[in-house]
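So the chains spell out like this:
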Amino acid sequence: MRKDFGAKPLPYPQPVYIIASYDADGTPCAMNAAWGGISEEKEIALCLSPEHKTVKNIRQTGAFTVSMADAAHVAECDYFGIASGNKVKDKLAVAGLTVTKSQRVNAPVINELAVCVECRMLSYDEESCIMRGEIVNVSVDESAMTDGKVDITKVQPITVDPFNGTYHVIGEAVGKAWNSGKKYL
């Protein structure tokens, strides 16, 4: 038997993205967002309300980064979703995280989060709240790599469980992508 939850934004799992931008005076800003994903080979789409400080910044600068939240920084990443950049001038400083300016776009790379997608804004639709960004580069801190490959057990990305309001770490491998299902070919 199945239980219906109605038409709600509850896919499983939901990523925990940290969207970062610079404001007009160069102060970095970050927000927590779970509604988004890859929409084309070199494109990311995010559902972000226009009143967010980060969205206002991106619309001015035309650039942003998307970092993957991780288990080591769950409190800091959660803070980015519960504190408003419209009220707190420098949430990154409050959380004790640091940034380096991207070499490719006018946006901050959060040093403590290992995986970062650097983007140029393509469009933003206030009615649907959909922001599309061109993926210019993906960078990964070498501390999260083993033998030149990204190591998910070192990255420890987290997802949010929207049913229960909890974060979970991703890590255990259960199969090989584009291989485990070959037995049905």
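To start, this report covers the structure provided alongside it. Owing to the predicted nature of the structure, the values given are computational and were not obtained by experimental measurement. (Residues numbered from 1 in each chain as written. Predicted model: local features only at pLDDT ≥ 70, side-chain atom pairs only at ≥ 80, totals over all residues. Heavy atoms only, no water.)

**Regarding the packing of aromatic side chains**
Then comes step 1: Tallying each qualifying case throughout the model produces two aromatic pairs.
Then comes step 2: Ring geometry for Phe 5 and Phe 163: centres 5.0 Å apart, planes at 70°, overall edge-to-face. Separated by 158 residues along the polypeptide, Phe 5 in the segment before strand E1 (14-15) and Phe 163 in the loop between strand E13 (158-161) and strand E14 (166-169) bring together distant segments of the chain.
Then comes step 3: Judged by relative accessible area, Phe 163 falls into the partly exposed class, the value being 33%.
Then comes step 4: With a centroid separation of 6.1 Å and 55° between ring planes, the pair formed by Tyr 79 and Phe 80 is classed as tilted. (Phe/Tyr/Trp six-rings, centres within 6.5 Å; stacked < 30°, edge-to-face > 60°. Helix = DSSP H or I, 4+ residues; strand = E, 2+ residues; numbered from the N terminus. Buried < 20%, exposed > 50% of the residue type's maximum accessible area, 1.4 Å probe, protein only.)

**Concerning the sheet that holds strand E10 (residues 130-140)**
Through backbone hydrogen bonds, the strands of a sheet pair up, either in parallel or in antiparallel fashion.
Then comes step 1: In space, the seven strands of this open sheet follow the order E3-E2-E6-E9-E10-E5-E4, with antiparallel pairing throughout. A single partner strand is all that each edge strand has here, and the edge strands are strand E3 (28-33) and strand E4 (36-40). Averaged over all adjacent pairs, the angle separating strand axes in this sheet is 35°, with direction ignored.
Then comes step 2: Two strands pair when backbone bridges link them, and strand E9 (residues 115-125) and E10 are joined in this way by 10 bridges, in the antiparallel orientation. (Pairing = 2+ DSSP bridges. Axes fitted to C-alpha atoms, helices over the stretch in contact; angles between N-to-C directions.)

**Quick notes on the environment of Met 131**
Then comes step 1: Here Met 131 lies in strand E10.
Then comes step 2: Since its relative accessible area comes to 0%, Met 131 is described here as buried.
Then comes step 3: In the structure, Met 131 is positioned 41 residues away from Asp 90 in sequence and 23 Å away in space, judged by C-alpha atoms.
Then comes step 4: Setting aside chain neighbours within four positions, we find Met 131 in contact with Ile 44, Ala 45, Leu 46, Leu 48, Val 55, Ile 58, Phe 64, Met 121, Ser 123 and Tyr 124. (Contact = heavy atoms within 4.5 Å.)

**Overview of the sheet that holds E14**
Then comes step 1: Taken together, the three strands give an open sheet; going across it, the order is E1-E13-E14, and neighbouring strands pair in antiparallel fashion. Each edge of the open sheet is held by one strand with a lone partner, namely E1 and E14.
Then comes step 2: Bridging between E13 and E14 involves four bridges; their strand directions are antiparallel. Each residue of the ladder has a partner; that of Asp 161, found in E14, is Thr 166.

As far as function goes, none of this settles anything; it's purely spatial.
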